[in-house]
Amino acid sequence: MSEAIQTDVIVIGAGPCGLFCVFELGLLDMKCHLIDILDRPGGQCAELYPEKPIYDIPAWPIITGQELTDRLMEQIAPFAPQFHLQQMAEKIEKTDDGKWRLTTDTGTVLEATCIIIAAGGGSFVPKKPPIPGIEAYEEKSVHYAVRKMEKFRDQNLVIVGGGDSALDWTIALQPIAKHITLVHRRDQFRAHADSVNKMNTLRESGAIDFITGQVTQLHGDDGQLSKISIKQADKSMIELNCDHLLPFFGLTMKLGPVAEFGINLHENLVPVDTEKFETSTPGIFAVGDINTYPGKLKLILSGFHEAALMSRQAFKYCYPDARLKFEYTTSSTNLQNKLDVKEDAA
Ligand SMILES: Cc1cc2nc3c(=O)[nH]c(=O)nc-3n(C[C@H](O)[C@H](O)[C@H](O)COP(=O)(O)OP(=O)(O)OC[C@H]3O[C@@H](n4cnc5c(N)ncnc54)[C@H](O)[C@@H]3O)c2cc1C
């Protein structure tokens, strides 16, 4: 087992509520490591509606999902949170010295006194294309995300999809792959205009191939692809040499491993009390869309409020003998020092 990273708090989920936990815990001198299966922070705001305006964030009459994420990242920067992205928080267990040990699907191990579950509607998981037997090739030669670009150097790649991920990875991998064929069921794309233009330039110059159609069959041995069959728009079939298939069909949300953590669940949500926001397991707290209590509203502002209250309880859990003062950021030099804003405030 790799050596465990030690921290005060592990936050599962880097959505808006997980990010704000870093701020509230940071004011109490508690350091956070965050884990998210996505490749960037922001949760639903960044993944599902980055350009949509939100109108009910206090003091922001209008702010997009991405802008809110960017502002939160700016706000928590003084606390130097560590992110473990593209990793699924998979297993938690208690250590002999009473800490929590969390292991991710890529083998990262973290130990902390408490865990905050800010897992929203669950982890984002890829939508899989309906190709018979695709599971046998997953991990080895079928990939729903690019974790290391080097893996694809000098390889024959087939990328499937018409959205941002499919086009962005076509553009990013083209210089290092041996050959790329982009397959989409129609010659129209849902990606940013700039990405569509770049992809079309590659296509017109012959740097990549484009096929209108659908992948129907995979051929290979022991999980390693050698060829794929494609049904083209005119219903004719072709076979292509293919070392790796990268289908990008979007993401869906599933509760995932949180269901296996051993905490009480109610209809796939985590019941908490509204004083501590603690789960049925001491030392494990839950904030944001993942939790439930009488009157719960699944709003970002609810998660922010929950993060503030939860943080004080997490502090008491970690340091039962320490004194916890209530302070305002406007008037506390102590808090301003932590935020590195002393001069501005003077
Ligand atoms: C289209 C749309 C519009 C919306 N508009 C508004 C609005 O106007 N105002 C408003 O207040 N709210 C709005 N919401 C709801 C708002 O987005 C959610 O309330 C908010 O995102 C919840 O934040 P969160 O941090 O709790 O969870 P999320 O944003 O869901 O983030 C949770 C994160 O946890 C990660 N995760 C989960 N499990 C694991 C695991 N095991 N390992 C690793 N990572 C994991 C997920 O990948 C995800 O990134 C809207 C939602 C949608 C879909």
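What you see is a predicted model; the values in this text were computed from it and never measured.

*Asks:* Hey, could you go over the side chain of Ser302 for me, with residue numbers and the actual values?
*Replies:* Along the chain, the position of Ser302 falls in helix H6 (residues 300–318). Within the structure, Ser302 has its side chain in polar contact with the backbone oxygen of Leu297 (distance 2.9 Å).

*Asks:* I'd love a proper account of the packing of helix H1 (residues 16–27) against H6, names of residues and values included.
*Replies:* When two helices pack together, their arrangement is captured by the angle between the axes and the distance separating the axes. Contact pair H1 / H6: the axes reach a minimum separation of 8 Å and the direction vectors enclose 40 degrees. Two packed elements cross with a definite hand, and for H1 against H6 that hand is right-handed. Of the residues in H6, those touching H1 at Pro16, Cys17, Phe20, Cys21, Glu24 and Leu25 are Ile300, Gly303, Phe304, Ala307, Ala308, Met310, Ser311 and Ala314. Grouping the amino acids of the contact of H1 with H6 by side-chain chemistry returns 11 nonpolar, two polar and one charged.

*Asks:* Can you lay out helix H3 (residues 65–76) for me, pointing to particular residues and giving the numbers?
*Replies:* Along an α-helix, a turn takes 3.6 residues, which lines up residues three or four apart on a common side. A rise of 1.5 Å per residue sets the reference length of H3, with its 12 residues, at 16 Å; its end C-alpha atoms lie 17 Å apart and thus fit the reference within 8%. Among the residues making up H3, those that are buried are Gly65, Leu68, Thr69, Leu72 and Ile76. Buried residues along H3 cover an arc of 100 degrees about the axis, so they all sit on one side. Buried-residue contacts for H3 involve H1, helix H2 (43–47), strand S4 (53–54), strand S5 (63–64), strand S6 (82–85) and H6.

*Asks:* Please provide a residue-by-residue account of the environment of Gly163, values included.
*Replies:* Relative to the helices and strands, Gly163 is located in the loop between strand S12 (156–160) and helix H4 (164–173). Its relative accessible area of 9% is what places Gly163 among the buried residues. Note: C-alpha distance between Gly163 and His184 (21 residues apart in sequence) is 9.5 Å. Apart from the residues within four sequence positions on either side, Gly163 is in contact with Arg190 and Ala191.

*Asks:* How would you sum up the packing of aromatic side chains? Please name residues and give values.
*Replies:* A full pass over the atoms with the stated rule returns eight aromatic pairs. Ring centres of Phe20 and Phe304 lie 4.8 Å apart, and the angle between their planes is 40 degrees; on these two criteria the pair is classed as tilted. With Phe20 in helix H1 and Phe304 in helix H6, the pair connects residues that are 284 residues apart, well separated along the chain. Across the pair, Phe304 and Phe20 agree in class, each one buried. Between Phe277 and Tyr293, the aromatic rings sit 5.7 Å apart at their centres with planes inclined by 75 degrees, giving edge-to-face as the arrangement. With a gap of 16 residues between them, Phe277 in the loop between strand S19 (270–271) and strand S20 (284–286) and Tyr293 in the loop between strand S21 (291–292) and H6 connect regions that are remote in the sequence. According to the relative accessible area criterion, Phe277 is buried, its value standing at 1%. Residue class for Tyr293 comes out buried when judged on its relative accessible area of 14%.

What counts and what doesn't
Residues numbered from 1 in each chain as written. Predicted model: local features only at pLDDT ≥ 70, side-chain atom pairs only at ≥ 80, totals over all residues. Heavy atoms only, no water. Helix = DSSP H or I, 4+ residues; strand = E, 2+ residues; numbered from the N terminus. Polar contact = N/O pair within 3.5 Å; in protein donor to acceptor, adjacent residues only side chain to side chain. Axes fitted to C-alpha atoms, helices over the stretch in contact; angles between N-to-C directions. Left-handed = near helix turned anticlockwise from the far one by under 90°. Contact = heavy atoms within 4.5 Å. Nonpolar A, V, L, I, M, F, W, Y, C, P; charged D, E, K, R; others polar. Expected span 1.5 Å × (residues − 1). Buried < 20%, exposed > 50% of the residue type's maximum accessible area, 1.4 Å probe, protein only. Arc of directions from axis to C-beta. Phe/Tyr/Trp six-rings, centres within 6.5 Å; stacked < 30°, edge-to-face > 60°.

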